[in-house]
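Residue strings, one per chain:
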Amino acid sequence: DPSPESTFVCPIIIEDDRTGLDTETIRRALRDNLLYIQGKLPELASKNDLYMALAYTIRDRLLQRWLTTQQTYLKKDVRTVCYLSAEFLVGPHLANNLINLGIYEQVQKAVSESGLKLEELIAQEEEPGLGNGGLGRLAACYLDSLSTLEIPAIGYGIRYEFGIFDQEIHDGWQVEITDKWLQYGNPWEIARPEAGVEVKFGGYTESYTDENGNYRSRWIPDYVVKGIPYDTPILGYRVNTANTMRLWKSEACESFDFGRFNRGDYYGAVDNKVHSENISKVLYPNDEPIQGKELRLEQQYFFVSCSLQDMIRIHLHENPSLNSFHQKWSVQLNDTHPSVGVAELMRLLIDVHHFDWDKAWFITQNTFAYTNHTLLPEALEKWPLSIFGRLLPRLMEIIYEINHRFLDKIRIIYPHDDGKISRLSIIDESGEKYVRMAHLACVGSQAINGVAALHTELLKKDVLRNFYELFPEKFSNKTNGVTPRRWIVSSNPRLTFAITEKIGENWIKHLEDLRGLENYVDDGGFRDSWRRIKYDIKADLANYIDKKVGIKVDPSTLFDVQVKRIHEYKRQHLNVLHIVTLYHRLKNNPNLDITPRTFIFGGKAAPGYFMAKLIIKLINSVAEVIDNDPTIAGRLKVVFLPDYNVTLGQRVYPAADLSEQISTAGKEASGTGNMKFSMNGALTIGTLDGANIEIREEVGAENFFLFGLTTEEVYAKKAAGYNPQEYYYHNEELRAVLDLIGSGFFSRGDSSLFRPLVDNLIYNDPYMLLADYQSYIDCQEGVGRAYKDQEHWSRLAILNVARMGKFSSDRSIRQYCEEIWRVQPVKIELPDYIQANA
Ligand code: GPV
């Protein structure tokens, strides 16, 4: 019998070590996790042990919010957005979760007893590099906003074992190193093997008549792979909503073939396991255009099939049938990478759930929506029929049937117009036959959107013209946005504090409120502190640069920054032409009065993209000569920062004075780095391309450095037979600059090294650098002059920040919710015993 003393007459209230948000409880939980998860005594713990213990401490605080969110969704039978994306470039989780939970300060104090700073533990996190660039990062910003806006959502993707490669620079050249982001474990994910699903590949199809006399198809595959979901909670800012990012890992169904093993074929016995696990092994490191490799198609079909099967399972748990599927799920295709989903949902509805074609098609068309992210014709995804049909025979049949029915309708609208038919067809039959994935996405979706106003207009006029003619009502624009939680609050705490001191903290959730800063542009004291903050951040970056690449840069110089994937259309080499122009001028006139600048570059090149890799080598070669030339006396410095990624972006954007957004007009769909710079008080030098146009509209033409041809002028020049040689021969300075590069001056006398690059500009110049050169140089002179007047520059910078409200991803997501997904917020109430956010 229990003694009277041990009988609880009422529950004892203790702070739960897994949920409490005060400093003391977090401190206790941290020590506890260090011992019981890391198995370390405090005095023997490494920095990484402490990071892991802290990560688990924070994950504990997410779990109640996450489970409550999922339970609420099930109970309320909500409509859910599924964002299908081959890439999610989420960046490190720890700092973001602290900010969104509102416990940054408490954790800072709790950590201090370890003798380490919270910032050091935050820096310990290995970022999940599960994306290439803008497209993957956009998906991550959208997950943040979906949770912050309390929208039921799931991000479905692939759990690559190796993400985007780490970049090292050896002798000026890019070297790719395998990204082993999982090697010390990932505390933010939870595997759900019980929710695994199977995916078929290869083999053949056959028709049969079922017990009711219905004519059906079945797919006899060559092999079957299992998908295991790994879930990561995505918490919104100061709300209880924690949505799920569900990434699929591929595994073998039977990891070991005993039949083969018994026959003595050990390697054959593990073959199947090796092949199955290969599917989610590595991210393809090409930005646009993608590479047509079979494994890439396997990846796409793998994650899309897993995700659709998952939705169907969840749906049937709550609903008697799939008749209402499209009412409960809105599935967004992030570019065409997941567009095989259109055919896969048809297959699941018809072959597995025995729907008839028309009903299945109605559900499918009302489920999907498609976002296009590119204007480069070579980046439009297409798969050779030979590969597609061999790997996915049943999907091939379904796509033929979709196309057949689609073209039958088209023939009625455009009788006797065979050109139209072949231009609209999902199958490209002009040479080797291909499946055109954008056509499949357009035909199978209820909505189609571009990612900036100009981009959407060009889609309608050009890339998807024939589809726009057919169904104009499906098209709309959704200008990209970025999350201010990561791209201002987390990356730029000093600016966050300065803004919040003046206008309160509402702007973090309602970025339009930054307008309030306009009241302070005339406040000299505010401008002073604005400049001091920028200087301090630049000094931090200068320290980082010295540590990483051993170059000393002066924080009082103009920091002129271009960070993004290396691509000819993004024109990093135009930036180099400007640098060499200034260098050439200083060599001819050493006393020339110029605004001292530090040029900072960062970005990865696709490993197979020769010209992009040569551009990296050029930047580093020019850097070496200029940085070591005593006549320059520090007035120009050039730095290439290796391994540009989300973490480095968070360091660089806040430190920039000038943002380089210099793509050929009509080539950059939107850009999102342009937004991150401007939000952090950099001014933009840019062309009328992508979202630059809308940024300029918002901040005002007088606060933006514009140069270059417009899209119309680019088209007209091309049509008139663009000849770059005319610019080369008629512009003396340009010729001197190109000749200097071509001569071997920057390559120790080797005049062959940069020849392909220089010749490509003089004789071909597909991205019209030479046509834009003079306009760019002149515009940069204006930048230099403007920077000399620091009071003036500060005004422009403050106005840039004040007017960036439109470019929050919260605005973008609200528009998707209202105009495409038709979903509503769902409030999440925590049980009483969980401490609410601070
Ligand atoms: I397609 N984008 C990308 O990063 N990778 C791709 O494969 C494709 C597009 C980018 C565009 O280049 C940017 O202009 C755009 O801002 C971004 O996608 C997000 O929409």
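Residues numbered from 1 in each chain as written. Predicted model: local features only at pLDDT ≥ 70, side-chain atom pairs only at ≥ 80, totals over all residues. Heavy atoms only, no water.

1. Points about the pattern of salt bridges
Consideration 1: Counted by the stated rule, this structure contains 57 salt bridges.
Consideration 2: A salt bridge links Asp810 to Arg485; its shortest N-O distance comes to 2.7 Å. Linking Asp810 in helix H33 (residues 809-821) with Arg485 in helix H19 (residues 484-490), this pair joins segments that are 325 residues apart in sequence.
Consideration 3: Here Arg527 and Glu791 are joined by a salt bridge, their closest N and O atoms 2.6 Å apart. With a gap of 264 residues between them, Arg527 in helix H21 (residues 524-549) and Glu791 in helix H32 (residues 790-802) connect regions that are remote in the sequence.
Consideration 4: Each of the salt bridges in this network shares a partner with another, and the network as a whole consists of Arg192, Asp231, Arg246, Asp310 and Arg313. (Salt bridge = Lys/Arg side-chain N within 4 Å of Asp/Glu carboxyl O. Helix = DSSP H or I, 4+ residues; strand = E, 2+ residues; numbered from the N terminus.)

2. What to know about the pairing of strand E19 (residues 597-602)
Consideration 1: Most of E19 is tucked away, with 6 of its 6 residues classed as buried.
Consideration 2: Burial of the side chains of E19 extends over both faces: Arg597, Phe599 and Phe601 are buried on one face and Thr598, Ile600 and Gly602 on the other.
Consideration 3: The pairing of strand E18 (residues 558-563) with E19 spans 6 bridges and is parallel. Its bridge partner being in E19, Val561 is matched across the sheet by Ile600.
Consideration 4: A crossover connection joins E18 to the parallel E19 through helix H22 (residues 572-588); in handedness this β-α-β unit is right-handed.
Consideration 5: Pairing geometry for E19 and strand E20 (residues 636-641), over 6 bridges, is parallel. Of the residues in E20, the one forming a bridge with Phe599 is Val638. (Buried < 20%, exposed > 50% of the residue type's maximum accessible area, 1.4 Å probe, protein only. Pairing = 2+ DSSP bridges. Right-handed = clockwise from strand over helix to strand, strands pointing away.)

3. Structural notes on the side chain of Asp428
Consideration 1: Turning to its location among the elements, Asp428 is positioned in strand E14 (residues 427-428).
Consideration 2: Asp428 gets classed as buried once you look at its relative accessible area, which sits at 9%.
Consideration 3: Side-chain polar atoms of Asp428 contact the side chain of Ser430, separated by 2.6 Å.
Consideration 4: Those residues in contact with Asp428, other than ones at most four positions away along the chain, are Lys382, Lys433, Tyr434 and Arg436. (Polar contact = N/O pair within 3.5 Å; in protein donor to acceptor, adjacent residues only side chain to side chain. Contact = heavy atoms within 4.5 Å.)

4. A few points about the packing of aromatic side chains
Consideration 1: Per the counting criterion, the structure on display carries 23 aromatic pairs.
Consideration 2: Taking 6.1 Å as the distance between ring centres and 25° as the angle between the ring planes, the aromatic pair formed by Phe325 and Trp329 counts as stacked.
Consideration 3: When the centroid spacing of 4.7 Å and the interplanar angle of 80° are considered together, the rings of Tyr653 and Phe677 count as edge-to-face. A residue pair is termed long-range when its members are at least 10 positions apart, and Tyr653 in the loop between helix H24 (646-652) and strand E21 (658-661) and Phe677 in helix H25 (residues 673-679) qualify at 24 residues. (Phe/Tyr/Trp six-rings, centres within 6.5 Å; stacked < 30°, edge-to-face > 60°.)

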